[in-house]
Amino acid sequence: MMDHTSEPKKATFKPKKPHSKKAHSIREKVIAYIFLVLCSIFFVVPLIWMLLTALKSTEDLQAGVFFPTKLYWDNFKTAVKSVPFGQYTFNSLYYALFATIGTVFSCTITSYAFAKLNWPGRDKLFMVLIATMVIPSQIIQIPLYIIYFKLGWIDTYNPLIIPLWFGVGQAANIFLLRQFFMGIPNSLKESARLDGANEFQIFWTIMLPLVRQMLVVVAIMTFLNCWNDFYNPLLYINDSNLFPLAYAIRTFATQYSNQNNLIMAASLIMTVPSLILFFLAQKQIVGSVAHTGTKG
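(A) Looking closely at the overall build of the protein chain. Secondary structure summary: the protein chain contains 14 helices and zero strands in total. Moving toward the C terminus, one meets the helices and strands of the protein chain in the order α-α-α-α-α-α-α-α-α-α-α-α-α-α. Counting the 296 residues in the protein chain, one finds 34% classified as buried. In the protein chain, the proportion of contacts linking residues at least 24 apart, taken out of those at least 6 apart, comes to 73%. Summed over all atoms, the accessible surface of the protein chain reaches about 19500 Å², with 68% contributed by carbon and sulfur.

See below:
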């Protein structure tokens, strides 16, 4: 007879191996690192090629070898002495520094007004500002040149610096800063107002420290754009004593068109400050991008 009192057998499940989840995570990280290394090759190889070319002798250039048979560090000294490098560097620093200060000043005030102040037509005017981002700069280049010519600004840095103090062409930076200001709770502003703070005190002591990260990014990106700017100085500056470094490198390349080692040496000297500044600020840049989409 069958024993009806016996309990039915329970289904047994094989437990998953404890290391399977960890192995999957490690595999994903390895794939991600391999992908990043492959992508970085596209950025690193041109710099390596520039450095190797800058260290080649004339014989190595003619022979077409990839690695120099002997490292000629004097190519950097020759490139610097061939043109007034110090004057060109000062011109670039002057342009980039004052343009950066003007951009940060104008964009900060404008973005704060769009984000935290209530005034008639604010949102409509902001949409007009955003719409200017789709207008190619070349369309307004001729009218701007005529205006600057009548003001007597040609062969000066005024067309390159003064418009930035009024937010001209800075719609993208104003938009990014506005997003940061929008991410700050309005309760902070209301609490400060209850404590007797005026609008300027709220802006200076509360709001600015909270968007400091984005301000650093705007300043760095503006400085790098001005440091590497070739097109705008080409339009407005004809005096060789006022050439910025990017424009001077192009003139240098024309004069020494058959000496690629000297051209690469001069280009590397100009590139090094940009690389150093970018690596020093990469944490702020990544952090600002991660928080740009937030909204209060």
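(B) Structural view of the packing of aromatic side chains. Scanning all chains against the criterion turns up 20 aromatic pairs. Geometrically, the ring pair formed by Tyr-94 and Phe-98 is tilted, given 5.0 Å between the ring centres and 55° between the ring planes. In this pair, Tyr-94 and Phe-98 are both assigned in helix α4 (residues 85-116), four residues apart and thus about one turn of the helix distant. Judged by relative accessible area, Phe-98 falls into the partly exposed class, the value being 36%. Pairwise contacts between aromatic rings join Tyr-88, Phe-230, Phe-243 and Tyr-247 into one cluster. Here the guanidinium or amino end of Lys-70 rests over the ring plane of Tyr-72, the centre of that ring lying 5.7 Å away.

(C) A look at the packing of helix α9 (residues 186-194) against helix α10 (residues 199-210). Where α9 meets α10, the closest approach of the two axes is 10 Å, and the angle between their N-to-C directions is 140°. Between α9 and α10, the angle falls in the class oblique. The crossing of α9 and α10 is right-handed. Here Leu-188, Lys-189, Ala-192 and Arg-193 of α9 lie close against α10, whose contacting residues are Glu-199, Ile-202, Ile-206, Met-207 and Leu-210. Class assignment of the residues belonging to the contact of α9 with α10 gives a composition of six nonpolar, no polar and three charged.

(D) Inspection of the pattern of salt bridges at higher detail. For the coordinates displayed, the defined rule picks out three salt bridges. With a closest N to O distance of 3.3 Å, Asp-123 and Arg-122 form a salt bridge. For Asp-123, a relative accessible area of 47% puts it in the partly exposed group. The shortest N-O distance in the salt bridge between Arg-193 and Glu-199 comes to 2.3 Å.

(E) Geometry of the side chain of Asn-75. Here Asn-75 is to be found in helix α3 (residues 74-82). Dropping the residues within four chain positions of it, Asn-75 is found in contact with Ala-54, Leu-55, Lys-56, Asn-261, Leu-262 and Ala-265.

(F) How the structure looks around the environment of Val-218. Looking at the secondary structure, you find Val-218 in helix α11 (residues 212-227). Separated by 45 residues in sequence, Val-218 and Asn-173 have C-alpha atoms that sit 6.7 Å apart. Residues within four places of Val-218 in sequence aside, it is in contact with Thr-103, Val-104, Asn-173 and Leu-177.

(G) Layout of the layout of surface pockets. Its volume calculated, the largest pocket comes out at about 1000 Å³. Sorting the residues of the lining of the largest pocket by element identifies α4, α5 (122-131), α6 (141-150), α7 (158-161), α8 (171-182), α11 and α12 (231-236) as the ones contributing at least two each. Looking at the lining of the largest pocket element by element, the count peaks at four residues for α11.

(H) Structural detail: the packing of α4 against α11. Where α4 contacts α11, the axes come no closer than 8 Å and their chain directions differ by 145°. The handedness of the crossing between α4 and α11 comes out as right-handed. Here Thr-89, Ser-92, Leu-93, Tyr-95, Ala-96, Leu-97, Ala-99, Thr-100, Thr-103, Val-104 and Thr-108 of α4 come into contact with α11, specifically with Leu-215, Val-218, Ala-219, Thr-222, Phe-223, Cys-226 and Trp-227. The residue makeup of the contact of α4 with α11, split by class, is 12 nonpolar, six polar and no charged.

(I) Region of the structure containing α10. Compared with an ideal rise of 1.5 Å per residue, which puts 12 residues at 16 Å, α10 spans 16 Å between its outermost C-alpha atoms and is within 8% of the ideal. Three or more residues of α10 are buried, namely Ile-202, Phe-203, Met-207 and Leu-208. Mapping the buried residues of α10 onto a view down its axis gives an arc of 145°, with all of them on the same face. What points out from α10, more than 90 degrees from its buried face, is the exposed set Trp-204 and Thr-205. Looking at the buried positions of α10, the neighbouring elements they touch are α4, α8, α9 and α11.

(J) Up close: unusual backbone geometry. Residues other than glycine seldom take positive phi values, yet Asp-155 does so here, at roughly 65°. Note that Asp-155 resides in the loop between α6 and α7. Since its relative accessible area comes to 28%, Asp-155 is described here as partly exposed.

What counts, and at which threshold
Residues numbered from 1 in each chain as written. Predicted model: local features only at pLDDT ≥ 70, side-chain atom pairs only at ≥ 80, totals over all residues. Heavy atoms only, no water. Helix = DSSP H or I, 4+ residues; strand = E, 2+ residues; numbered from the N terminus. Buried < 20%, exposed > 50% of the residue type's maximum accessible area, 1.4 Å probe, protein only. Contact = heavy atoms within 4.5 Å. Areas by Shrake-Rupley, 256 points an atom, 1.4 Å probe, with all protein chains shown as cover. Phe/Tyr/Trp six-rings, centres within 6.5 Å; stacked < 30°, edge-to-face > 60°. Lys NZ or Arg CZ within 6 Å of the ring centre and 35° of its normal. Axes fitted to C-alpha atoms, helices over the stretch in contact; angles between N-to-C directions. Parallel < 35°, antiparallel > 145°, perpendicular 65-115°, else oblique. Left-handed = near helix turned anticlockwise from the far one by under 90°. Nonpolar A, V, L, I, M, F, W, Y, C, P; charged D, E, K, R; others polar. Salt bridge = Lys/Arg side-chain N within 4 Å of Asp/Glu carboxyl O. 1 Å grid on protein atoms, 1.4 Å probe; cavity = no way out; pocket = protein on both sides within 12 Å on 5 of 7 lines; lining within 4 Å. Points joined across faces, edges and corners; volume = space filled by probe spheres on them. Expected span 1.5 Å × (residues − 1). Arc of directions from axis to C-beta.

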